[in-house]
Amino acid sequence: MSDPGTASGDALDATVSTEPLEENTYSEVADAEQVLESAKLKVEKQRKHLTDAEAHVKVCEEALAAVKENQS
Amino acid sequence: MSWTASKIFRPYLADSLANTAPLDLGGAGVDTFKAALYNDAITPNQDVTSALSAYNAGVWVSASNEMYSAGQWAAGGVALASPVIDSATAATVFFDATDTASGATATLATVFGCLVYDTTSATVTNQGICFNYFGGTQGVTGGTFTIVWHGQGLFRFTL
């Protein structure tokens, strides 16, 4: 019987600073724009995954056909 | 009820490994994550369902428990800058980001920790990734409130 792979992990406590920043870049609008941009990127990424998966189905269909042909 | 520790949500890890939800924490097309602040009236639980790990669900409901400062640290949180999965160290994988700061004139009180969630997640809207404790009560009056993420990241796995 093989040993299972192991891992340990956890989130880590953060601290808080109230020191002023040299350059404060906080912007609620910029945050909303970032959320929108990543939502659009997600669509593109998922579309590529779908295209790749459909291409893989075709490869598998061809492989199955080849196996059947060899057995006949 | 109170905060005592920082934890990774169990459903986040399970959903990622099973590809139940495409939660992209790094690389090309990385998602956008926000840190929302909470008071000590809640007891975060890493073992809740995916749906109850989400922002504005379960203990993470915004009303009464979320702490924010209009125009300075929005309700719903502040976006993490430069989120990254770092696997450059042997036997280690961790999630990190640049420290997260409010505007320059924020007023916040009784902040004990934050929920880090994925704003891009569509399977469960705003699914939680982890929650991070600040070690006690924190606040600021008319100043900058910056979450200084741990030097080893928001969360870390040793393999």
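Described below are features of the structure shown in this document. Sequence positions are assigned chain by chain, starting from 1 and proceeding in written order. Each chain takes a letter, starting from A, and each ligand takes a number, starting from 1, following the order in which they are written. At least 70 in pLDDT is required for a residue's local features to be given in this predicted model, at least 80 for side-chain atom pairs to be given and counted, and no such filter applies to totals for whole chains, interfaces and linings, which use all residues. Excluded from the side-chain calculations are hydrogens and water; all other atoms, namely the structure's heavy atoms, are used.

Quick look at unusual backbone geometry now. Residue and element names in this part refer to chain B. The backbone of Ala91 shows a phi angle near 60°, a positive value even though the residue is not glycine. Helix numbers and strand numbers start at the N terminus; a helix is a DSSP run of H or I with at least 4 residues, a strand a run of E with at least 2. Residue position: Ala91 is located in the loop between strand 5 (84-86) and strand 6 (92-96). Ala91 gets classed as partly exposed once you look at its relative accessible area, which sits at 41%. For Thr110, which is not glycine, the phi dihedral falls at a positive 50°. A residue is classified by how much of its surface remains accessible, and Thr110, at 40% relative accessible area, is partly exposed. Residue burial is assigned from relative accessible area. The probe radius is 1.4 Å, only protein chains are included, and a residue is buried under 20% of its type maximum, exposed over 50%, and partly exposed in between.

At the interface, 28 residues of chain A touch 50 residues of chain B. Whenever a carboxyl oxygen of Asp or Glu lies within 4 Å of a side-chain nitrogen of Lys or Arg, that contact is scored as a salt bridge. Counting across the interface, chain A meets chain B through 4 salt bridges. Ionic pairing is found between Asp10 of chain A and Lys7 of chain B, a salt bridge with its closest N-O pair at 3.0 Å. Each polar contact in these results corresponds to two N or O atoms within 3.5 Å; when the atoms are within protein, one needs to be able to donate a hydrogen and the other to accept it, and residues that are neighboring in sequence are counted only if both atoms are side-chain atoms. Linking chain A with chain B are 21 residue pairs in polar contact (both at pLDDT 80 or more), by the criterion used here. Mapped onto the side of chain A that touches chain B, the elements with two or more residues apiece are strand 1 (8-11), strand 2 (15-17) and helix 1 (28-71) of chain A. The element that contributes the greatest number of residues to the side of chain A that touches chain B is helix 1 of chain A, accounting for 10 residues. Two residues qualify as a contact provided that any one of their heavy atoms is within 4.5 Å of a heavy atom in the partner residue.

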